[in-house]
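# Summary of the model geometry
The lines below spell out each chain.
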Amino acid sequence: MLWKRIATAAVLLPILIGTALYGRGWPFRLLVGAVVLLSAMEYYRMLLPQPRDGRAGVIVTVLAYVSGALLPFPVSLAAILVCVALIVFHGLPAEGTPGERLRSTAVSVLGVVYIGGFLSAWPRTILLPGGEHWVLLGILVAAAGDTFAYFVGRAAGKRPLSPRLSPNKTVEGAVAGLIAGMLFAAVYAAVFLPGIRTGFVLCAAALLGIAAQGGDLFESMLKRAAGVKDSGKILPGHGGMLDRVDGIIVAGPVLYLLAAVSAQVGGP
């Protein structure tokens, strides 16, 4: 299992880093768009058994991403809300009891905002001053936190972090992951974002780490609710796309806010 995770990372990381550094326009948007499409397909397949609902959910989720990533703010926000309205209207004439339709519509609305809306923050972040390095810093914090939480949790973890949602995660692992993310971010920012104060970087990394760990737990809740172990099988050793980007999804809006604040106060 471990060698599969390493092999998958060895293939995907150069693509991700290269696109972030040298493809700030359409290449990066298309890369994130592919992540949105695959994650949406897994999400709706897990939680909505009706193909009609799943197809509509995927289409509107991608539309929400395109709206959030391409349109200027605040038009993009209004467009995402229109996408929410579209998925609500889609659920009105469908078969089933009112309670069933309400639950299905709520799941669809969540998918539109959670996947399409949240991930649209990444291509907006990369266009900010120093945005490519903020993007890589955010991914580094999430990856370092996930890796150190896993290994420290296995080696020294004793207190479960959330036994009902993810019994293998521990408090000790979560703390180690948070500290690792902060240290890696400080080193990365010192080299590639030298105009940002170390205190700001550490606070930013802590917020990003908390958001990423919260996103991980939230996706665990989705899988528990659906009764599945993994969201899919597209990534050997990692499961589905949603399994791999769960923390990155939730960290996206936090990262955009931090990078925008940094630009306003005199970052590079």
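Reading guide: rules and limits
Residues numbered from 1 in each chain as written. Predicted model: local features only at pLDDT ≥ 70, side-chain atom pairs only at ≥ 80, totals over all residues. Heavy atoms only, no water. Helix = DSSP H or I, 4+ residues; strand = E, 2+ residues; numbered from the N terminus. Buried < 20%, exposed > 50% of the residue type's maximum accessible area, 1.4 Å probe, protein only. Contact = heavy atoms within 4.5 Å. pLDDT = per-residue confidence, 0-100. Pairing = 2+ DSSP bridges. Salt bridge = Lys/Arg side-chain N within 4 Å of Asp/Glu carboxyl O. Expected span 1.5 Å × (residues − 1). Arc of directions from axis to C-beta.

## Considering the environment of alanine 206
- Examined against the element boundaries, alanine 206 turns out to sit in helix 9 (residues 198-226).
- A relative accessible area of 17% places alanine 206 in the buried class.
- Separated by 26 residues in sequence, alanine 206 and alanine 180 have C-alpha atoms that sit 9.8 Å apart.
- Residue contacts for alanine 206: discarding those within four places in its chain leaves Leu178 and Met182.

## Here's the deal with the confidence of the model for the protein chain
- The share of residues in the protein chain with pLDDT of 70 or more is 96%, and the mean pLDDT across the chain is 91.
- The secondary structure element of the protein chain with the lowest average pLDDT is helix 1 (residues 2-22), at 79, and the one with the highest is helix 6 (residues 121-125), at 97.

## What to know about the pairing of strand 2 (residues 166-170)
- Of the strand pairs in this sheet, strand 1 (residues 160-162) and strand 2 are connected by 2 bridges, and their pairing is antiparallel. The partner of serine 162 across the bridge, within strand 2, is serine 166.
- Connecting strand 1 to the next strand, strand 2, in antiparallel fashion are 3 residues.

## Looking at the pattern of salt bridges
- For the structure on display, the rule yields 8 salt bridges.
- In this structure, aspartate 53 and arginine 52 form a salt bridge, with 3.5 Å as the shortest nitrogen-oxygen distance.
- According to the relative accessible area criterion, aspartate 53 is buried, its value standing at 5%.
- Using a relative accessible area of 34% as the deciding quantity, one classes arginine 52 as partly exposed.

## Considering helix 4 (residues 75-91)
- If you check helix 4, its first and last C-alpha atoms are 25 Å apart, about what 17 residues at 1.5 Å a residue would give, namely 24 Å.
- When helix 4 is considered as a whole, its buried residues turn out to be Ser76, Ala79, Ile80, Cys83, Val84, Ile87 and Gly91. With its buried residues spanning 150° around the axis, helix 4 presents them on a single face. Opposite its buried face, helix 4 presents the exposed residues Leu81 and Phe89, each directed more than 90 degrees away.
- The inward-facing, buried residues of helix 4 contact helix 3 (51-70), helix 5 (98-119) and helix 6.

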